[in-house]
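Descriptive analysis of the structure
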Amino acid sequence: MLDQGAPPHHRTSQSPGVGARLMRRKPVERLVAEGGQGEGGSLRRTLGLWQLTMISIGATLGTGIFVVLGEAVPKAGPAVTLSFVIAGLTALFSALSYAELAGTIPVAGSSYSYVYATMGELIAWICGWCLVLEYGVSVAAVAVGWGEYLNELLDGTIGVTIPDALSAPPGDGGVFNLPALIVVLLAMVFLLGGARESARANTIMVAVKIAALILFCAIGIQGFRSGNYEHFMPLGMAGVSAAGATLFFSYIGFDAASTAGEEAKNAQRDLPRAIMLSLVIVTALYVLVAAVAVGAKPWQRFGDSEAALAQIMREVTGQTFWGTLLAACAVIAIASVVLTVLYGQTRILFAMSRDGLVPKVFARVHPKTGTPRTNTVIVSLFCGVLAAAIPLGQLADATSIGTLFAFGLVNIAVVVLRRTRPDMPRTFRVPLSPVLPALGLAFCVWMMGSLSTVTWAVFGVWMAVGLVFYFVYGHRRSRLATPES
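The structure contained in this document is the topic of the report that follows. Bear in mind the structure is a predicted one, so any value in this text is a computation, not a measurement. (Residues numbered from 1 in each chain as written. Predicted model: local features only at pLDDT ≥ 70, side-chain atom pairs only at ≥ 80, totals over all residues. Heavy atoms only, no water.)

1. Concerning the nonpolar core
To keep things clear, this is the line we draw: In this description, a nonpolar core means a group of buried Ala, Val, Leu, Ile, Met, Phe, Trp, Tyr and Cys residues linked to one another through side-chain atoms lying within 4.5 Å. Here the term buried applies to any residue with accessible area under 20% of the maximum for its type, exposed to any over 50%, and partly exposed to those in between, with areas from a 1.4 Å probe on protein chains only. By the criteria applied, helices consist of DSSP H or I runs no shorter than four residues and strands consist of E runs no shorter than two, each listed in order from the N terminus. For this analysis, residues touch if any pair of their heavy atoms sits within 4.5 Å.
Residues Phe66, Leu69, Val80, Phe84, Tyr149, Phe216 and Leu309 are the most contacted members of the largest nonpolar core, which totals 150 residues. If one sorts the elements of this core by residue count, helix α8 (residues 121-157) sits on top with 20 residues. Excluding anything up to four places from it in sequence, Phe216 contacts Ile221, Val289, Val292, Ala293, Leu309, Ile312, Met313 and Leu326.

Take a look at the structure:
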């Protein structure tokens, strides 16, 4: 503590400058030591490898296939399968970096915490703000697609659909997307019950979605027409990369497991395994389903509905039953994406709040359930309203750019930590480092460049708002700003 009687110039000389304050890093040991601690209670370590893998698959599998496929096919044509591979490779390079950092720094903040330990507070804030965009907007985007499949299910079972005014957002022919709001609120109810209970429900839903996609492939292959693959790349490589950038939205889920670092029984061992295992399973299913879908339906006819797979089932069989069955599975499957991504969003805000960068209310833990209840309610209401008011395409691209930016930082962070803390125990190591992290960063930059000017404008506004919030609130209230905290 400074001597209050010291000359003014002595006090000033011992105070860190603005640049030093912006670059202050949080020690890894402190990050790990604070694991699970919140305001008024602690998170509970109840999740094993199986549950963590299911969280990762639950947050990933279904988003691109059930929802965004109809948005991506018109951009790439039959080459959308190649777009999935490119997006998957980009995710793989970043997943390797995530796996190493998740095993080294097993905390709830995901890439936000990794960057805080390696590149300083300002960059960590930017990363965290990108994650808020990534997870929060992703919840909203997937919820929009859930409403499409709910209408398919209602039409096939009782012959009634929710009117456009109540099932589509403004700009898509509606006034308010009520189903999107409902599925977010249902996910909120599960999360309020506790991490173990939410994980159990998610595991059941993941099993349903995998079965649904296998069923689609078994039936959709019967309508396969090789002619649909003529002119494989009608819109060129630019179309393939544009579709890949949109489809990258489909891969954000694998990092959801890293947000469970403070609720995993053996985080250092299980987190890297869950991340890599889930990504392999998801990529294989994505490519297979996309290949069958394009083979069964001319690419020019995609884009008229987010419920593309159910329509293909109905067209191939000539019966409504199979399409209705797939729609029922999709309603369950997409709900699991909403559940797990919403979970990830709350845990990232929990970590940021514990560091003092966002209000303390987000770190408040209910002593009975061991969950950040107030955090969950606030995030759910925000995402639900967003889902009800914004069209899907805009949401998906906004999510992609936030994801790519955060993943790029993770690829840098893993190299920085290797150099600054080579002595730290690592349960997983990125092979061929720094080559593969550099490739991961390059892929992220390339795919960000494929996104539209409008998406970049939205991202710029989002980042400007985030920086204003940081300098007005977070920079002053950061726990690293006060030595005694």
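Next comes the rest of the write-up.
2. A word on a positive patch on the surface
What counts here: Here, patches come from residues exposed beyond 30% relative accessible area and free of salt bridges, joined within 9 Å for like charges and within 5 Å for nonpolar side chains (Val, Leu, Ile, Met, Phe, Trp, Tyr). Working definition of accessibility: Shrake-Rupley area with a 1.4 Å probe, residue cover restricted to the visible protein chains. Within this document, salt bridges are pairs made up of a side-chain nitrogen of Lys or Arg and a carboxyl oxygen of Asp or Glu, the two lying within 4 Å of each other. Counted charges follow a simple rule, with Lys and Arg positive, Asp and Glu negative, and His plus the chain ends left uncounted. For charged residues, the charge sits on one atom: NZ in Lys, CZ in Arg, CG in Asp, CD in Glu.
Taken together, the side chains of Arg44, Arg196, Arg200 and Lys265 present a region of like positive charge at the surface. Position of Arg44 relative to the elements: it lies in the loop between β2 (41-42) and α4 (49-60). Residue classification places Arg44 among the partly exposed residues on the basis of a relative accessible area of 39%.

3. With respect to the pattern of salt bridges
A complete count under the given rule lists 13 salt bridges for this structure. Between Lys26 and Glu34 there is a salt bridge; the shortest N-O distance is 2.6 Å. Residue class for Lys26 comes out buried when judged on its relative accessible area of 3%. Glu34 gets classed as buried once you look at its relative accessible area, which sits at 7%. Residue Asp270 is joined to Arg269 by a salt bridge in which the shortest nitrogen-to-oxygen separation is 2.7 Å. A relative accessible area of 2% places Asp270 in the buried class.

4. Focus on the packing of α4 against helix α11 (residues 195-220)
What counts is decided by this rule: To obtain each axis, a line is fitted to C-alpha atoms, and for helices this fit is confined to the stretch in contact; angles are then taken between N-to-C directions over 0 to 180 degrees. Each angle gets one of four labels, with under 35 degrees taken as roughly parallel, over 145 as roughly antiparallel, 65 to 115 as roughly perpendicular, and the rest as oblique. Take the far helix as the reference: if the near one is turned anticlockwise from it by less than a right angle, the crossing is left-handed, and if turned clockwise, right-handed. When residue character is reported, Ala, Val, Leu, Ile, Met, Phe, Trp, Tyr, Cys and Pro are called nonpolar, Asp, Glu, Lys and Arg charged, and the others, Gly included, polar.
For the pair α4 and α11, the least separation of the axes is 9 Å and the interaxial angle reads 55°. Judged by the inter-axis angle, α4 sits oblique to α11. As for the relative orientation of α4 and α11, their crossing is left-handed in sense. Counting all contacts with α4, which are made through Trp50, Gln51, Met54, Ile55, Ile57 and Gly58, the residues of α11 involved are Ala199, Asn202, Thr203, Val206 and Lys209. Among the residues making up the contact of α4 with α11, the classes are represented as 6 nonpolar, 4 polar and 1 charged.

5. Examining unusual backbone geometry
Of the consecutive residues Ser433 and Pro434, the connecting peptide bond is found in the cis state with omega at 10°. Here Pro434 is to be found in the loop between α17 (392-420) and α18 (435-449). Of note, the phi angle at His231 is positive, near 55°, even though the residue is not glycine. Of note, the phi angle at Leu432 is positive, near 55°, even though the residue is not glycine. Tracing the sequence through the fold places Leu432 in the loop between α17 and α18. Since its relative accessible area comes to 63%, Leu432 is described here as exposed.

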